[in-house]
Amino acid sequence: MEFSMYLTSLPLRVEREIPHDTKARSHRLMVQAGFIQQTSAGIFSFSTLLWSVIRRIEKIIREELNAIGFQELMMPALQPTNLWRESGRLEHFQREHTMLSLRDRKDQEFCMGSTYEEVLIDLCRHFVSSYRQLPFRLYQISEKFRDDLRPRFGLVRARQFRMKDGYSFDLNEGGMHVAYQETREAYNKIFERCGISFVVFSDLRGSIGSTFAEKYMARTTEGEESFIHCTHCNFTANYEGSPYCPQCHAATEPLTALELGHIFELGPHYPEKMGALVADNNGRLSPIWMGDFGIGVSRIPVAIIEQYMDDCGMNWPFHLAPIQIAVVPVMPTNENQVSAASAIARTIKTTFGFETYVDNRAQSFGSRLKDLDFVGSQLQIVVGDRLDNGEVDVQQRNGLNKTTVPIANIVTTIENLTKGVHQ
Ligand SMILES: [Zn+2]
């Protein structure tokens, strides 16, 4: 419906007051822009604008994973804890107190999914029996849960968050290595396409017999973890301060970072424990070799905000901006201006598919522009007095590169300004 292109009908309200209980600046900006609304500690609603950013991030993830043979599926958030008893991980997770568990009316115990190895291995042992069915790769993008006592930094440390979890299944160790390397390449493409500056480093802590394990970390000004990083040999480790690199003895730099992804080779351990076995070409049974690949999807907008923000608020790479193009009538009560703005927005939306809105809110022109800059709208088309000559002003965020353009040329103008942008 057409009304959805007007900012009046979108729950957008930028608060100038700095909210309490927000330590990280990205968290503050998201609360001020109404992107997240906390319903309980660490549990949030995502606004339409944030959700539209996340949907585009997920599109990138899907494209890159599907390109290397991953297939998408959906698994239930409610998991019977009996499955976790079989894998032997129940006690560990309960002891860590991060598992959110509950009982149904028949007193059967469930947990809310934080990770899905058990559910997926259970699925495999029902459907996979022969080596001819291997290899395959599966993933889902869904809400995950973590019973964190001290949720903080908004979406960084939330109790409910959006995550992509993916798994590879191979007949042997060699196949698992191939899956790992291909997924590693796909991850590099995903974070590059999201416009994020990141570092990758190996992380073998707590892994069970895995040969490869790496973390993808976004550089941030404020983050949950501190690292030392060697620009010479790329060595990175969890550590405060700045000693010399143990690998090449160059001086390291301190680095604050946010974990966005984690990939590791899980091996045959859990499939063996849970009886997910396949017969090889000699009929001999052996366990499936697994790779495990996660992305903290709802952390990606946080990383982008951290890396792109300026004194005026959030900023975004154009293809992920929540409002890509705003058409702003100077006088929202002037019918000519509003109908010209609506026609322009309609044309842009149908021609390019960009996230385009008409800002007809009953606020002063200056304060509307300030809000748009705060949320990170990338291009603004101002419809004012020049309308009498059939002209509008086109400018970038923060009033940069302002030019006057005939309305008749608006499609070509937008085309030139957004060249090379992938939707
Ligand atoms: Zn080094």
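I will try to describe carefully the structure that is included in this document. (Residues numbered from 1 in each chain as written. Predicted model: local features only at pLDDT ≥ 70, side-chain atom pairs only at ≥ 80, totals over all residues.)

## Remarks on the overall build of the protein chain
Then comes step 1: Scanning the protein chain from terminus to terminus reveals 11 helices and 21 strands.
Then comes step 2: Across the 423 residues in the protein chain, those meeting the buried criterion constitute 38%.
Then comes step 3: Intrachain contacts of the protein chain at a sequence separation of at least 6 include 68% that bridge at least 24 residues. (Helix = DSSP H or I, 4+ residues; strand = E, 2+ residues; numbered from the N terminus. Buried ≥ 20, exposed ≤ 12 C-beta atoms within 10 Å, placed from the backbone. Contact = placed C-beta atoms within 7 Å.)

## Describing the sheet that holds strand β20 (residues 391–396)
Then comes step 1: Within the open sheet, the five strands sit side by side as β18-β17-β19-β20-β21. Their pairing is mixed. Edge positions in the sheet fall to β18 (356–358) and β21 (400–406), since each of these pairs with one other strand and no more. Strand after strand, the sheet turns through a mean of 20° between neighbouring axes, direction not considered.
Then comes step 2: Where β20 meets β21, five bridges bridge the pair, whose relative direction is antiparallel. When the bridges of β21 are listed, Asp-393 appears paired with Thr-404. (Pairing = 2+ DSSP bridges. Axes fitted to C-alpha atoms, helices over the stretch in contact; angles between N-to-C directions.)

## A short note on the pairing of strand β6 (residues 109–112)
Then comes step 1: Where strand β4 (residues 78–80) meets β6, three bridges bridge the pair, whose relative direction is antiparallel. Bridge pairing in β6 links Pro-80 to Phe-110.
Then comes step 2: In terms of strand pairing, strand β5 (residues 101–103) meets β6 through three bridges, oriented antiparallel. The residue of β6 that forms the bridge with Leu-102 is Phe-110.

## Observations concerning the sheet that holds β6
Then comes step 1: What the three strands build is an open sheet, ordered β4-β6-β5; its pairing is antiparallel. Only two strands of the sheet have a single partner each, and these edge strands are β4 and β5. In this sheet, neighbouring strand axes are inclined to one another by 40° on average, regardless of whether the strands run parallel or antiparallel.

## Comments concerning unusual backbone geometry
Then comes step 1: The residue after Leu-134, namely Pro-135, is reached through a cis peptide bond having omega -5°.
Then comes step 2: Topologically, Pro-135 is positioned in the loop between α5 (117–127) and β7 (136–145).
Then comes step 3: Look at Asp-107: it is not a glycine, yet its phi comes out positive at around 65°.
Then comes step 4: Judged by local crowding, Asp-107 falls into the exposed class, with 6 C-beta atoms found within 10 Å.

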